[in-house]
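Listed below are the residues making up each chain.
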Amino acid sequence: MNRDRLQKRSAPYIFTAPFFIWFSIFGLFPVIYAFYLSLHHQVGLVAERPFVGLQNYIDLILDERFRHSLWNTTYYGLGSIFVILPAALILALILHSPTLRMKGVFRIAFFVPLLTSSVVVAVIFALVFDTRYGLLNNYIVEPLGFERISWLQDGSFVIPALVVMGLWKWTGVNSLYYLAGLQNASKDIEEAARIDGAGHWAVFRYVTFPQIQPVVLFTVILSIIGSYNLFAEPYLLLSNSGDRGLMSMVYLFNNAFSFAKFTYASAIGYILFFIILVLSVAQLRIFSVFRDD
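Residues numbered from 1 in each chain as written. Predicted model: local features only at pLDDT ≥ 70, side-chain atom pairs only at ≥ 80, totals over all residues. Heavy atoms only, no water.

Student: Looking at this model, I keep getting lost on the overall build of the chain. Mind explaining?
Tutor: Within the chain one finds 14 helices and zero strands. Each helix (α) and strand (β) of the chain, taken in turn from the N terminus, gives the series α-α-α-α-α-α-α-α-α-α-α-α-α-α. On C-alpha atoms alone, the chain measures out to a radius of gyration of 24 Å, which is more than a quarter above the 19 Å that the 2.2 N^0.38 rule sets for 293 residues. C-alpha extents for the chain along the principal axes are approximately 80 × 70 × 35 Å. Of all 293 residues assigned to the chain, the portion counted as buried reaches 37%. (Helix = DSSP H or I, 4+ residues; strand = E, 2+ residues; numbered from the N terminus. Rg over C-alpha atoms; globule rule 2.2 N^0.38 Å. Buried < 20%, exposed > 50% of the residue type's maximum accessible area, 1.4 Å probe, protein only.)

This is the structure:
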């Protein structure tokens, strides 16, 4: 009897133990060890690793290349929030229209960019942004009467080019988030507002949008996290642009695996984590998530 009772009590722990062991080894330990490394100085695989406290963080604040990469990343993040997400919301409103047919086909099509490998995306947009043969220059820029643009070399256009690429990759999936929110919005409240004389814009602004604010908050925080973790596309697409297209995660990767500055790279990772945390909490405050009522 005692043995059966012991087996019943231990069964949940036995079945959940693999997850916690895996998470501790490959999730929790690297995070703690990275913070430990950020407080030390190490270049290369050497035995000596002197404790330097916050010196790596101080050096990062004074590091002009890191500040430049942080600005580029923030620039892209602003493009994600103020260009990609509004485009996704407009697309969701179009899909939400009762007169639109074949909605299921559009929803499936919007997942294709998300399923495409980052390497493939970088190769495709390297052709799109090519100065001599690219689609943008040949079919949009030149027909409008402008000179060809060096999208991936000109410092004024490198980050906007990344935003254009993000517009293709992320607009569709974000529009599906918004579409789900629009479909769950109360139709009775919207109809009551129309009966009271409210126009389409007034209904959306004062009735519909407040109901989809949790979805908007979700997409904004995802965009912030994704922007500061963007690596594969700029690493592959902007390899010849120098510091003009340097992103924070690329700078972290270069310090860790090109220059073997593991402690410095760990400090970069924790600064990015702190920035994402602060911006996410700020968004929660802006959307009044912590409000009692």
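Student: Help me understand the environment of Leu-6 in this model?
Tutor: Checked against the element boundaries, Leu-6 lands in helix H1 (residues 2-38). Exposure remark for Leu-6: the relative accessible area of 58% places this residue in the exposed category. With 37 residues separating them along the chain, Leu-6 and Val-43 place their C-alpha atoms 51 Å apart.

Student: Before we go on, may I ask you to explain the side chain of Ser-266 in this structure?
Tutor: Looking at the secondary structure, you find Ser-266 in helix H14 (residues 262-286). Engagement of the side chain of Ser-266 in a polar contact is seen with the backbone oxygen of Phe-262, the distance being 2.8 Å. Excluding residues within four positions of it along the chain, Ser-266 makes contact with Ala-34, Leu-37 and Ser-38. (Polar contact = N/O pair within 3.5 Å; in protein donor to acceptor, adjacent residues only side chain to side chain. Contact = heavy atoms within 4.5 Å.)

Student: Looking at this model, I keep getting lost on helix H9 (residues 187-195). Mind explaining?
Tutor: Because each turn of an α-helix spans 3.6 residues, side chains separated by three or four positions in sequence point in the same direction. Between the side-chain oxygen at the start of H9 and the backbone nitrogen of Ile-189 there is a gap of 3.4 Å, and the oxygen is on Ser-186. Phi turns positive one or two residues past the end of H9, at Gly-197, with a value near 105°.

Student: I tried to follow the nonpolar core on my own but got confused; where do I start?
Tutor: When a protein is soluble and globular, its nonpolar side chains tend to lie buried together. Among the nonpolar cores identified, the biggest contains 60 residues, and Phe-129, Trp-151, Leu-162, Tyr-178, Leu-237 and Ile-268 are the most heavily contacted of them. Listed by contribution, the elements that provide at least two residues to this core are helix H2 (55-62), helix H3 (64-95), helix H6 (118-128), helix H7 (135-141), helix H8 (158-184), helix H11 (213-228), helix H13 (248-258) and H14. When residues in this core are grouped by element, the largest group, 10 residues, is from H8. Excluding residues that lie within four positions of it along the chain, Tyr-178 makes contacts with Leu-85, Ala-88, Leu-89, Ala-92, Val-215, Val-216 and Thr-219. (Core = buried A, V, L, I, M, F, W, Y, C linked by side-chain atoms within 4.5 Å.)

Student: Whenever I open this one, H8 confuses me. Can you help?
Tutor: Taking 1.5 Å per residue, 27 residues should reach 39 Å; H8 reaches 39 Å between its end C-alpha atoms and fits that length. Of all the bends in H8, the greatest, near 45°, is centred on Trp-170. (Expected span 1.5 Å × (residues − 1). Bend = angle between axes of the 7 residues up to and from the residue.)

Student: What am I meant to see in unusual backbone geometry here?
Tutor: Not every positive phi belongs to a glycine, and Ala-260 is a case in point at roughly 60°. Tracing the chain through its elements places Ala-260 in the loop between H13 and H14.

Student: Whenever I open this one, the side chain of Ser-69 confuses me. Can you help?
Tutor: With respect to the helices and strands, the residue Ser-69 is situated in helix H3. Once residues lying within four places of it in the same chain are set aside, the contact partners of Ser-69 are Leu-246, Met-247, Ser-248 and Tyr-251.

Student: What's the story with a nonpolar patch on the surface in this structure? I'm lost.
Tutor: On the surface, a nonpolar cluster with roughly 610 Å² of combined accessible area is contributed by Phe-19, Phe-20, Phe-23, Leu-28, Val-31 and Ile-32. For Leu-28, the position within the fold is in helix H1. Relative accessible area serves as the criterion here: at 41%, Leu-28 is assigned to the partly exposed category. (Patch = residues over 30% accessible without salt bridge, like charges linked within 9 Å, V, L, I, M, F, W, Y side chains within 5 Å. Areas by Shrake-Rupley, 256 points an atom, 1.4 Å probe, with all protein chains shown as cover. Salt bridge = Lys/Arg side-chain N within 4 Å of Asp/Glu carboxyl O.)

Student: Help me understand the packing of aromatic side chains in this model?
Tutor: A ring pair, where both rings are aromatic, is described by two values, the distance of the centres and the angle of the planes. Summed over the entire model, instances satisfying the criterion amount to 20 aromatic pairs. With centroids separated by 6.1 Å and ring planes inclined at 15°, the aromatic side chains of Phe-19 and Phe-23 adopt a geometry described as stacked. Of this pair, Phe-19 and Phe-23 both sit in helix H1, four residues apart, which is roughly one turn of that helix. Between the aromatic rings of Trp-201 and Phe-204, the centroid separation amounts to 6.0 Å while the plane-to-plane angle is 35°, which identifies the pairing as tilted. One end of the pair is Trp-201 and the other is Phe-204, both in helix H10 (residues 200-211) and three residues apart, which spans about a single turn. Aromatic rings pair up to connect Phe-125, Phe-129, Trp-151, Phe-157 and Trp-168 into one cluster. (Phe/Tyr/Trp six-rings, centres within 6.5 Å; stacked < 30°, edge-to-face > 60°.)

Student: Just to check I follow, could you spell out the pattern of salt bridges for this structure?
Tutor: As a working rule, side chains carrying opposite charge can pair if their charged atoms are close by. In total, this model carries four salt bridges according to the counting rule given. Asp-243 serves as the salt-bridge partner of Arg-65, at 2.8 Å between the closest nitrogen and oxygen. On the criterion of sequence distance, the pair formed by Arg-65 in helix H3 and Asp-243 in the loop between helix H12 (232-237) and H13 is long-range, its members being 178 residues apart. In this structure Arg-65 comes out as partly exposed when scored by relative accessible area, which is 33%.

Student: Just to check I follow, could you spell out empty space enclosed by the protein for this structure?
Tutor: Any empty space left between atoms is shown by rolling a water-sized probe over those atoms. For the structure on display, the rule yields one cavity of 30 Å³ or more. Within this model, the largest cavity holds a volume of roughly 30 Å³. Tyr-76, Met-165, Gly-166, Lys-169, Trp-170, Leu-230 and Glu-233 together form the lining of the largest cavity. In terms of residue count, the dominant contributor to the lining of the largest cavity is H8 (four residues). A class-by-class count of the residues in the lining of the largest cavity yields four nonpolar, one polar and two charged. (1 Å grid on protein atoms, 1.4 Å probe; cavity = no way out; pocket = protein on both sides within 12 Å on 5 of 7 lines; lining within 4 Å. Points joined across faces, edges and corners; volume = space filled by probe spheres on them. Nonpolar A, V, L, I, M, F, W, Y, C, P; charged D, E, K, R; others polar.)

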